[in-house]
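# Remarks on the overall topology
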Amino acid sequence: MAKKRIVTTTINGDTHEFLCKPQQTLLEALRDVLGLTGTKEGCSNGNCGACTVQMNGRPVDSCLVLAVEAEGASLKTIEGVACGNHLDEVQSAFLEGAALQCGICTPGFIMQTESLLEENATPSEEEIRFYLAGNLCRCTGYDKIVKAVQCAAEQRQAANA
Amino acid sequence: MATAEKPKYKVIGTRPVRHDGVDKVTGRARYGADTELTGMLYGAMLRSPHAHANIKSIDTSKAEALPGVRAVMTSADLPEQGDRIVELGEGAVNMRHLRANVLATEKVLYKGHAIAAVAADTIHIAQEAVKLIDIEFEVLPPVLDVVKAMADDAPVLNDDIRTESLGSHPPSDDASKHTNVAKHFVFEKGDVAKGFAEADVVIEREFDTATVHQGYIEPHASTALWNSDGKVTVWTCTQGTFSVRHQTAELLNIPISDVKVVPTEIGGGFGGKISVYLPPVAAGLSRKAGRPVKIVMDRAAVFEATGPTPGSHMKVKIGATKDGKIVAGEAWIAFEAGAFTGSPIAPGCMCVFSCYDVPNARVDGFDVCVNKPRTNAYRAPGSTQVCFATETIVDEICREIGMEPAEFRLKNAAKEGVRRVDGPVYGRVGMEETVQAIKDSDHYKTSLTGKFQGRGIATGFWFNCGLKSAATATVNPDGTVSLLEGSTDIGGSRAGIAMQLAETLGITAEEVKPAVVDTDSIGYTDVTGGSRVTFATGIAAINAAKDIQRQMCARAAMIWDCDEADVRYEDGCIIGSGDHRFTFKELAAKINATGEPIAGRGTASEETQAGAFGTHCADVEVDPDTGKVQILRYTVAQDVGTAIHPSYVEGQLQGGAVQGIGWALNEEYWYDEAGSMRNASFLDYRIPTIYDVPMIETILVEVPDPGHPYGVRGVGEVPICPPPAAIANAIYDAIGVRMRELPMAPHKVCAEILKK
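Moving on: the overall build of chain B. A tally of helices and strands in chain B yields 20 helices and 30 strands. For 756 residues, the compact-globule formula gives about 27 Å, and the C-alpha radius of gyration of chain B, at 27 Å, lands near that figure. Each of the three principal axes of chain B carries a C-alpha extent, and together these read 85 × 75 × 50 Å. Split into buried and exposed, the 756 residues of chain B put 62% on the buried side. Here the analysis covers contacts within chain B between residues at least 6 apart in sequence; of these, 80% occur between residues at least 24 apart.

Before going further, it helps to examine the overall build of chain A. The number of helices and strands found in chain A is five helices and five strands. For chain A, the C-alpha radius of gyration of 16 Å lies close to 15 Å, the compact-globule estimate for 161 residues. Dimensions of chain A along its principal axes, counting C-alpha atoms only, are 50 × 35 × 25 Å. Split into buried and exposed, the 161 residues of chain A put 57% on the buried side.

With 43 residues of chain B at the contact, the number on the chain A side is 45 residues. Considering each element in turn, the side of chain B that touches chain A owes the most residues, seven residues, to helix α18 (residues 646–665) of chain B. Classifying every residue of the side of chain B that touches chain A gives 21 nonpolar, 15 polar and seven charged.

What follows deals with the domain arrangement of chain B. By a widespread convention, an interface's size corresponds to the accessible area lost as its parts come together. All names here are of chain B. Examined at the domain level, chain B breaks down into domain 1 (21–28 + 465–607), domain 2 (32–141 + 214–305) and domain 3 (427–463 + 609–755). Computed over C-alpha atoms only, the centres of domain 2 and domain 3 are separated by 36 Å. Across the boundary between the two partners, domain 2 contributes eight residues, which contact nine residues of domain 3. A class-by-class count of the residues in the side of domain 2 that touches domain 3 yields three nonpolar, two polar and three charged.

Before going further, it helps to spend a moment on the sheet that holds strand β20 (residues 465–475) of chain B. Residue and element names in this part refer to chain B. With respect to topology, four strands assemble into an open sheet ordered β22-β21-β20-β26, the strand pairing being mixed. Where the open sheet ends on each side, the last strands, each with one partner, are β22 (512–516) and β26 (599–608). When the angles between neighbouring strand axes are averaged without regard to direction, this sheet yields 20°. The pairing of strand β21 (residues 481–485) with β22 spans five bridges and is classified as parallel. Bridging across to β22, V481 finds its partner in V512.

It is generally the case that most residues other than glycine have a negative phi and that most peptide bonds are trans. Residue P743 of chain B is bonded to the preceding L742 of chain B through a cis peptide linkage, with omega at 0°. Checked against the element boundaries, P743 of chain B lands in the loop between β30 (741–742) and α20 (746–755). Positive phi, close to 65°, is recorded for S44 of chain A, a residue that is not glycine. Within the chain, Y142 of chain A stands out as a residue other than glycine whose phi angle is a positive 75°. Following the sequence through the fold, Y142 of chain A ends up in the loop between α4 (125–131) and α5 (143–160). C-beta crowding within 10 Å serves as the criterion here: with 29 such atoms nearby, Y142 of chain A is assigned to the buried category.

Here the focus is helix α12 (residues 405–412) of chain B. Side chains three or four residues apart in an α-helix point the same way, a direct result of the helix having 3.6 residues per turn. All names here are of chain B. Among the residues of α12, those classed as buried are P405, F408, R409 and N412. For α12, the buried positions fall inside an angular range of 95° around the axis, keeping them on one side. Against β17 (326–338), α11 (383–401), α13 (431–439) and β19 (453–462) lie the buried residues of α12.

The next subject is the nonpolar core. Residues and elements named next belong to chain B. V118, L501, I727, I731 and M744 are the most contacted members of the largest nonpolar core, which totals 300 residues. Looking at this core, the element that brings in the most residues is helix α16 (residues 533–560), giving 13 residues. I731 has contacts with G454, V620, V622, V629, V737, M739, M744 and V749, leaving out every residue within four places of it along the chain.

Next up on the list: the packing of α18 of chain B against helix α19 (residues 723–735) of chain B. Residue and element names in this part refer to chain B. Running from amino to carboxyl end, α18 crosses α19 at an angle of 55°, the nearest separation of the two axes being 8 Å. As the angle between them shows, α18 and α19 are arranged oblique. Along this stretch, α18 crosses α19, giving a crossing that reads as right-handed. Here α18 contributes A657, G660, I661, W663, A664 and L665 to the contact with α19, which in turn contributes P723, P724 and I727. A breakdown of the residues in the contact of α18 with α19 according to their chemical character gives eight nonpolar, one polar and no charged.

For the rest of this paragraph, the subject is the sheet that holds strand β2 (residues 14–20) of chain A. Residue and element names in this part refer to chain A. The five strands lie next to each other as β2-β1-β5-β3-β4, forming an open sheet whose pairing is mixed. The sheet terminates laterally at β2 and β4 (58–61), the two strands that pair on one side only. Neighbour to neighbour, the strand axes of the sheet diverge by 40° on average, direction disregarded. Relative to β2, strand β1 (residues 5–11) runs antiparallel, the two being bridged by seven bridges. In the sheet register, I6 faces β2, and the bridge partner there is L19. Sheet strands in contact with helix α3 (residues 106–119) are β3 (52–55) and β4, and its direction is about 35° off that of β3.

What follows is about the pairing of β17 of chain B. All names here are of chain B. Counting buried residues in β17 gives 12 out of 13 residues, a clear majority hidden from the surface. Two elements, strand β16 (residues 312–320) and β17, share nine bridges in a ladder whose sense is antiparallel. Looking at β17, one finds that A320 is bridged to I326. Between β16 and the antiparallel strand that follows it, β17, lie five residues; G324 among them carries a positive phi value of about 90°. Handedness of the β-α-β unit built from β17, helix α10 (residues 345–351) and strand β18 (residues 361–369) comes out right-handed.

Moving on, we come to the environment of P709 of chain B. All names here are of chain B. Counting through the fold element by element, P709 comes out in the loop between β29 (696–701) and α19. Along the sequence, P709 and D367 sit 342 residues apart, while their C-alpha atoms lie 38 Å from each other. The residues touching P709, leaving out its near neighbours within four places in the chain, are I539 and I542.

It is worth spelling out the packing of helix α15 (residues 493–505) of chain B against α16 of chain B at this point. Residues and elements named next belong to chain B. Packing of α15 against α16 brings their axes to within 8 Å, and their N-to-C directions diverge by 35°. Handedness of the α15/α16 crossing: right-handed. The residues of α16 that touch α15, namely those facing S493, G496, I497, Q500, L501, T504 and L505, are V533, T534, T537, G538, A541, I542, A544, A545, K546 and I548. Split by residue class, the contact of α15 with α16 holds nine nonpolar, seven polar and one charged.

Scoring rules and cut-offs
One numbering rule holds for all chains: residues counted from 1, following each sequence as written. Chains carry letters from A onward and ligands carry numbers from 1 onward, assigned in written order. The model is predicted, so local features are restricted to residues of pLDDT at least 70 and side-chain atom pairs to those at 80 or more, both for listing and for counting; the totals for chains, interfaces and linings are taken over all residues. Here a helix means four or more residues in a row that DSSP labels H or I, a strand means two or more in a row labelled E, and each is numbered from the N terminus. For a compact globule the rule gives 2.2 Å times the number of residues to the power 0.38, and the radius of gyration it is set against comes from C-alpha atoms. To assign burial, the other C-beta atoms lying within 10 Å of each residue's own C-beta are counted, with C-beta atoms placed from the backbone; 20 or more indicates buried, 12 or fewer indicates exposed, and intermediate counts indicate partly exposed. Residues are scored as being in contact if the C-beta atoms we place from backbone atoms lie within 7 Å. Polar here means any residue other than Ala, Val, Leu, Ile, Met, Phe, Trp, Tyr, Cys and Pro, which are nonpolar, and Asp, Glu, Lys and Arg, which are charged; Gly is therefore polar. Here the bounds of each domain stem from an automatic or database domain assignment. Strands were regarded as paired on the criterion that DSSP finds at least two bridges between them. For helices, the fitted line uses only the C-alpha atoms of the stretch in contact; every axis is such a line through C-alpha atoms, and the angle between N-to-C directions lies from 0 to 180 degrees. Arc, as used here, means the arc of the directions from the helix axis to the C-beta atoms. Residues of type Ala, Val, Leu, Ile, Met, Phe, Trp, Tyr and Cys that are buried and joined through C-beta atoms within 7 Å form what is called a nonpolar core. Any angle that is under 35 degrees is reported as roughly parallel, and any over 145 degrees as roughly antiparallel; angles of 65 to 115 degrees are reported as roughly perpendicular and all others as oblique. By convention, the crossing between two helices is left-handed when the near helix turns anticlockwise from the far helix through less than a right angle, and right-handed when the turn is clockwise. When the strands point away from the viewer, a crossover counts as right-handed if the route from the first strand across the helix to the second turns clockwise.

This is the structure we're talking about:
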């Protein structure tokens, strides 16, 4: 077995140093090495989006990134979305809009939505659906997710106004 | 169809934030794969590369010798089961088959069939070790098609299966013959020949539907510890902790009380997380290694070795008079059971004519083994397939006799007093109301104008179960109530149960703290399935609340030194004579100072519910060049009894409809000739994405079920049934081709267009 490597990253604003094997994915390192189990595994091959995190500001499937690739990167995971105990607009909109049922896909959807709203503060329904098409949800039929994203966008606009 | 005036509720019908919601939007909720124990090992499974083969030998010595490997297990480590049949809550199970499905014995019966397992210090070592297990196979020809599997010369999967005749007199089959046909059901009503003789129009068609998967996003995951005292603890994502306990104890041949099952949060199930795959293996490995073992399936294993729901072949015939009255029906239905007997053929037979008052009918159903994973329940199991057949034929009849499809459905609707083909007589059900709701909807009244656009409607039915539940509720000094229940919560049921307790006690939903607890902490509770939890666990919670009411009244009587009979519980207050009055909160604060704690217990054992109906309306546009079907607009009208938490009721209707849309248009297991599934990933087994579907409009039709104190009716399952038929009818309306095969994927629609 190959030797472990040291990786230094910023995760949710804090500097972390961790050991990982060369074949370990970022998803595995987050969950199994760093204990950040909020990032979920649904398929391990980039098809479902449950493991979405932000890496250097871009949304990525953490199952498709090797942990060693995170060297020097800035990561944001679901654990870093709320400010202390204060949920952000996206989390609140999903919670209050019943945009989750089982909840396993929710962290991935929230991370992807964060990126969407950073790129496009006022997305149309079509733009929301296009941007989130890589995140699978089997419970909700997506209706309330779209509405939650619309609501979050409005709330954030209002907060920034 | 007039409904009585709605009772005034304070909590029921409101939309509080779910109690487990914050954990789920912050990543704090712990799911199956999130379990982490001190000294935990990681398990990996060896799975069959062949669809059908004899296992000649297994050599695990090289795997055992790999550094870091702590235990290796095969079926030899699971006790022999003989021919025991055990009632496991969701029906009688042949334990020999269940054991052979968990770890293959003499044969492998599908690609992905588990054969051996390894526990090691890391998942990577376990995966390496699995590759070092040597197995000698004798490869056998597979049979993958349900009709071919019924033929006399078909390869036979199980040497212990003989056709069991249920309802045919005399038994129609040879009891000595080796066969894949495990069961033959017959249901009859009236005089079928006489009925068809009265018909002015008779339509008979054949249908095929593909094998499809439940498609939950969370793979199966289980962690087990076989402790030094012989007690086994299992942490797992399951629809039924008590079912896992029972199955695991039976498979390991240990007392049921030696197994404790702790539920984690569950990332979807839809029926597919009832049967056990991993817990007995994780426990067996833990016994050998002396340490806890976690096993998590990968996505390919989920597709290849769990679920699915049966593919089918069906012949359905319906006769009607020219003024639109159904006079007779006949159905021949064959469902894939997968490797072992147990498809939902019985409910399929019971549902095929369940939406209508059919005076004369005969239904033959066959449960047929094929070299695919053992099928499992999937949302209204068996009903979606037969709904596709019946509801497209009904559409044909309507066009033949020139009757509006909603009118035809109203004229023949199942209603109170109508006897189903399989015997039971309907109680108060709301099929007519759902059809009427679609007729009255803005959607139905808005005409389609575009080219290649069409509209279809279809109605579906599901029974809804009752079964057993338990709840315990304790009053806290600050006036809140802690509620324990055994029903694992897949879609917000914790909130729905807590709201019924709150309504009964006259407190707010937020003042109830619900928790789903392990099998040692709550009374027996059947699985989260059959659309039963909000109904039956709701009744248990209501009974626990009533128990609290009684104890609160007794305590108040003691404090006021009056007769208990003079104290009543009303609207969240305990009221005696004169100005004697406590709010719930006031009395709760006095409990510990005045006597013993107050803890309510409630149970439920409900035979059945009245049944649920939904009518869907779909608008589609078909691309005549590619055959691609786009859903333009979609409306679900469903009789939901009383909607406890309307947001989560709507969510069930929307989610179920979209699963049905996936079944209709995209989803299928693709096998090559060797019986290998070629699309075992979410890329190639394509469930609907957010980009594929429009908003799903919902109409909550509330016809209270008289069997529940608040009129709850299960809502979870029926919304998956109508979409394939509604969409097929819409495709016909759009381009004039009749689709009789699922999925109605572009190439199949295109082929039908080219035949025109």
